[in-house]
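A look at the structure
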Amino acid sequence: MKQSQIFVPTLRETPSDAEVLSHQMMLRAGYIRQVSSGVYSYLPLAYRVIQKIENIIREELNAIGGTEMLLPALVPADIWKESGRYDTYGPEMMKLQDRHDRDFLLGPTHEETFTKLIRDDIKSYKKLPLHLYQIQPKYRDEKRPRFGLLRGREFIMKDSYTFHDTEVSLDEMYSEIWQAYNNIFTRIGLDFRSIIADAGAMGGRESIEFIAISNVGEDTIAYSDESGYAANIEMATSKFNERTNTEVQLQKEIVDTPETTTIEDLSTFLEVKPSNILKSVLLVADGKKPILAIVRGDHDVNEIKVRMAVGAEIIETASDAHIEDLFGNIPAGYVGPIDLPEDVTIVADLYVKNMVNSVTGANEVEKHFINVNAGRDFEPSQYTDIRMVQEGDVSPDGQGTLQFTTGIEIGHIFKLGTRFSEAMGATVLGKDGRPTPVIMGSYGIGISRLLSAIAEQNADEKGLVWPAAVAPFDVHITPINYNDEHQQALADEITDLFKAEGYEVLIDDRKERPGVKFTDAELMGIPIRVTVGKKAEDGIVELNIRKTGEMVETKKDDLINTISILMSSQEESN
Ligand code: 9G3
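Here we summarise the structure given alongside this text. (Residues numbered from 1 in each chain as written. Predicted model: local features only at pLDDT ≥ 70, side-chain atom pairs only at ≥ 80, totals over all residues. Heavy atoms only, no water.)

1. Structural notes on the pairing of strand β17 (residues 345-348)
As a reminder, the rule being used: A pair of strands is labelled paired if DSSP reports no fewer than 2 bridges between them. In this text, helices come from DSSP runs of H or I with a minimum length of four residues, and strands from runs of E with a minimum of two, each type numbered from the N-terminal end.
Looking at chain direction, strand β15 (residues 289-296) and β17 are connected through four bridges and run parallel. For Leu-292, the partnering residue across the bridge sits in β17 and is Ile-346. In this sheet, strand β20 (residues 382-383) lies alongside β17 in parallel orientation, the contact comprising two bridges. Directly across from Ala-348, in β20, lies its bridge partner Tyr-383.

This is the structure:
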């Protein structure tokens, strides 16, 4: 391909509104342009990378029996009303009306559309299991689109849906797809982890996230420094050892504690350690049920774990008004579990079990109780893990301690069960001849987000650097002067040599100064560059490896096998 013909508008300066490396370099290297907030054009080089990624995905999913198809992005609202999700996502859902004023939406995901398809056309378990997938733009009206393709309002997703008549069949296909995702991200050359994740409102069952390690990621992962344990911070647990209490339980007393609205103030004032204070946090489940979550004073409440402990779909921090309703006008720091209004459910963290003669709010302004003992002075409805893990906690498998890192969510797979098929009446005649709801799984990969994740992990201060498997071209040929007959002859000859070997070649045939060609080449990030210059007459060229900056002079005849050695060594280093 001739560079004078393709459209790669490189920039000399970094646009001021681009905050992270991948966003800066994809703009400067002429890969993307913003059309509106969170909505981008994929220019030719970006689109070539996207197609490389898509083809790796297709190879891996087709190899395990996946079938590609394409559903509309323009979806009628009524199937989302059937599933009950039409109003769940609020302003994030892109809604519109057609000319007859009928409600439509731009699909943010396609559980409903696929479930309807199966409901209408699959009647017997004999037709199952099925693994159907599509690659399609998705629409989510993010409140804060940012970091270029990392969090957009229109983005390209591969979404798969599987349909089963038994849980065993779902488990089998789920693990096959899990393996396929590992193959895909390994082939792309990403540094990634697969971690236990929160299934959110997706039916609250098992789900696994794939995370590309990156310091710009929005996901925090807790992982063991000795075993394979890794989980999203929201789901991460640690090893808890229950201790039998030997200390004598003292008589509860109320004390004056002026101006002690924080754990630190209280700890200083009463001269007790934070680990001997019971921290009470009022939450609201599903918009109505008050929950008092209690953890040790030096721990934090994990609201996702509380949500799962009480089986709610939505959990929120109680508003001040709600606190006032239940406890009168007292600051949150004086809230405690003793003598509560009866409809408040107390959920206590496991570590509360090991606490004796603790301090807690007295539900009165400037008053606390001391020598409080759970089980004697208040009765939690349950003791369960509801704390945020901390670095240094013992891994739940007892091997090593937990460390934190951040990453970019690039994939997420869910066991949905019958959450959608029951809501929408998608049943098949089972082996027993009775109608049973189809069991489902759904599996996503953020394809456009992958561009940013790969760029974050590989780019440098000179520009983008693409792993060979997804690079827009394999080789970039930069003749210093394409008008010089020797240089043009050699450049064209090399181009044909590479093409004959199946390499995809981009040749910079523009009438630009060498410096411009080199700067652009470094921005674009094609893994191997061949410079044709003064020594063209002797058939000698200069080979540059973009990732390492290595440069080696090579005779034309040695070029192909030098490159294949370099490419294979690059594959290994990934
Ligand atoms: C919506 C809106 C935003 C959403 C969803 C629905 C996230 C929604 C979760 C999923 C689950 C899986 C198939 C591929 C893998 C992920 N944001 N999710 O359901 F209406 Cl506005 O998308 N779907």
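2. Quick notes on unusual backbone geometry
Of note, the bond from Leu-128 into Pro-129 is cis; its omega dihedral lies within 30 degrees of zero at 5°. Relative to the helices and strands, Pro-129 resides in the loop between α4 (111-121) and β7 (130-139). Although it is not a glycine, Asn-357 adopts a positive phi angle of roughly 50°. Relative to the helices and strands, Asn-357 is located in the loop between β17 and β18 (358-361). If you check the backbone angles, Glu-366 has positive phi at about 60° while not being a glycine. Counting through the fold element by element, Glu-366 comes out in the loop between β18 and β19 (367-372).

3. Here's the deal with the nonpolar core
This is how it is decided: Only buried residues count toward a nonpolar core. Its members are Ala, Val, Leu, Ile, Met, Phe, Trp, Tyr and Cys residues joined through side-chain atoms within 4.5 Å. Buried residues are those whose accessible area, probed at 1.4 Å on protein chains only, stays under 20% of the maximum for their type, while exposed residues exceed 50% and partly exposed ones sit between those limits. Two residues qualify as a contact provided that any one of their heavy atoms is within 4.5 Å of a heavy atom in the partner residue.
Grouped together as the largest cluster of nonpolar side chains are 62 residues, with contacts concentrated most on Tyr-31, Ile-53, Phe-185, Ile-188, Leu-190 and Ile-410. The element that contributes the greatest number of residues to this core is helix α5 (residues 167-188), accounting for nine residues. Not counting the four nearest positions on each side in its chain, Leu-190 is found in contact with Phe-185, Ala-212, Ile-410, Leu-450, Ala-453, Ile-454 and Gln-457. Grouped together as the second largest cluster of nonpolar side chains are 23 residues, Ile-338, Ala-362, Phe-369 and Phe-378 included.

4. Thoughts on the side chain of Ser-83
Inclusion rule: Under the rule applied, a polar contact is a pair of N or O atoms within 3.5 Å (in protein, one hydrogen donor and one hydrogen acceptor; residues adjacent in sequence only if both atoms are side-chain atoms).
Inspection of the secondary structure assignment puts Ser-83 in helix α3 (residues 77-83). Only 3.1 Å separates the side chain of Ser-83 from the backbone oxygen of Trp-80, close enough to count as a polar contact. Within the structure, the side chain of Ser-83 is placed 3.3 Å from the backbone nitrogen of Arg-85, a separation counted as a polar contact. Apart from residues lying up to four places away in sequence, Ser-83 is in contact with Glu-112, Arg-419, Phe-420, Ala-423 and Met-424.

5. Some thoughts on the site of the ligand
So the rule is basically this: Here a residue is near a molecule or strand as soon as one of its heavy atoms is found within 4 Å of it. Here, Shrake-Rupley sampling with a 1.4 Å probe gives the accessible areas, and only protein chains in the shown set may cover a residue.
Every one of the 18 residues lining the ligand counts as a neighbour, but Arg-85, Pro-108, Thr-109, Glu-111 and Arg-140 are closest to it. A distance of 2.8 Å separates an oxygen atom of the ligand from a polar side-chain atom of Arg-85. Here the ligand, which alone exposes 510 Å², has 91% of that area covered by the protein. Where the shell around the ligand is concerned, the elements lending two or more residues are β8 (154-164), β21 (402-417) and β24 (439-446).

6. Overview of empty space enclosed by the protein
Our working rule: In this analysis a 1.4 Å probe is tested at points of a 1 Å grid over the protein atoms alone, and where it fits but cannot get out there is a cavity; an open set with protein on both sides within 12 Å along at least five of seven lines is a pocket; lining residues have an atom within 4 Å of a point. Grid points are joined across faces, edges and corners, and a volume is the space filled by probe spheres set on the points.
Tallied over the full model, the rule gives one cavity of 30 Å³ or more. In this structure, the largest cavity encloses a volume near 40 Å³. What lines the largest cavity is Gly-38, Val-39, Tyr-40, Tyr-42, Gly-148, Leu-149, Gly-152, Glu-154, Phe-155 and Ser-448. Elements represented by at least two residues in the lining of the largest cavity include exactly β2 (39-42) and β8.

7. A closer look at the sheet that holds strand β29 (residues 551-555)
Hydrogen bonds along the backbone pair up the strands of a sheet, which may run parallel or antiparallel. Applied cut-off: Fitting a line to C-alpha atoms yields each axis, with helices limited to the stretch in contact; the angle taken between N-to-C directions then spans 0 to 180 degrees.
Read from one edge to the other, the open sheet built from five strands follows the order β26-β25-β27-β28-β29, with strand pairing classed as mixed. Of all the strands in the sheet, just β26 (505-507) and β29 have a single pairing partner and so form its edges. Here the strands of the sheet are splayed against their neighbours by 25° on average, with no regard to which way each runs. Strand direction decides the pairing type here: strand β27 (residues 528-532) and strand β28 (residues 540-545), joined by four bridges, are antiparallel. Its bridge partner being in β28, Thr-531 is matched across the sheet by Glu-542.

8. What to know about the packing of helix α2 (residues 44-62) against α5
The condition that has to hold: Left-handed describes a crossing in which the near helix is turned anticlockwise from the far one by less than a right angle; the clockwise case is right-handed.
Put simply, α2 and α5 touch, their axes get as near as 9 Å, and they point 145° apart. Here α2 and α5 pass one another in a crossing that is right-handed. Contacts between α2 and α5 involve Ile-53, Ile-56, Ile-57, Glu-59, Glu-60 and Leu-61 from the former and Ala-180, Asn-183, Ile-184, Arg-187 and Ile-188 from the latter.

9. Overview of the pattern of salt bridges
Where side chains of opposite charge bring their charged atoms close, a pairing between them can arise. To keep it simple, the criterion reads: Just to be clear on terms, a salt bridge is a Lys or Arg side-chain nitrogen sitting within 4 Å of an Asp or Glu carboxyl oxygen.
Inspection of every chain in the model, using the stated rule, returns 38 salt bridges. A salt bridge links Asp-120 to Arg-119, with the shortest nitrogen-to-oxygen separation between them at 3.7 Å. Of the charged contacts in the structure, one is a salt bridge between Arg-151 and Glu-142, with a shortest N-O distance of 2.8 Å. Among the ionic contacts, a cluster of salt bridges with common partners joins Arg-12, Asp-508, Arg-510 and Asp-520.

10. A few points about the packing of α2 against helix α10 (residues 447-458)
Operational definition: Should an angle fall under 35 degrees it is called roughly parallel, over 145 degrees roughly antiparallel, and 65 to 115 degrees roughly perpendicular, with every other angle called oblique.
Two elements in contact, α2 and α10, have axes separated by 10 Å at closest approach and are oriented at 110°. Between α2 and α10, the angle falls in the class roughly perpendicular. Regarding α2 and α10, the two cross each other, and that crossing is right-handed. Side by side, α2 and α10 meet where Ala-46, Val-49, Ile-50, Ile-53, Glu-54 and Ile-57 of the first sit next to Ile-447, Leu-450, Leu-451 and Ile-454 of the second.

These values are about where atoms sit, not about what they do.
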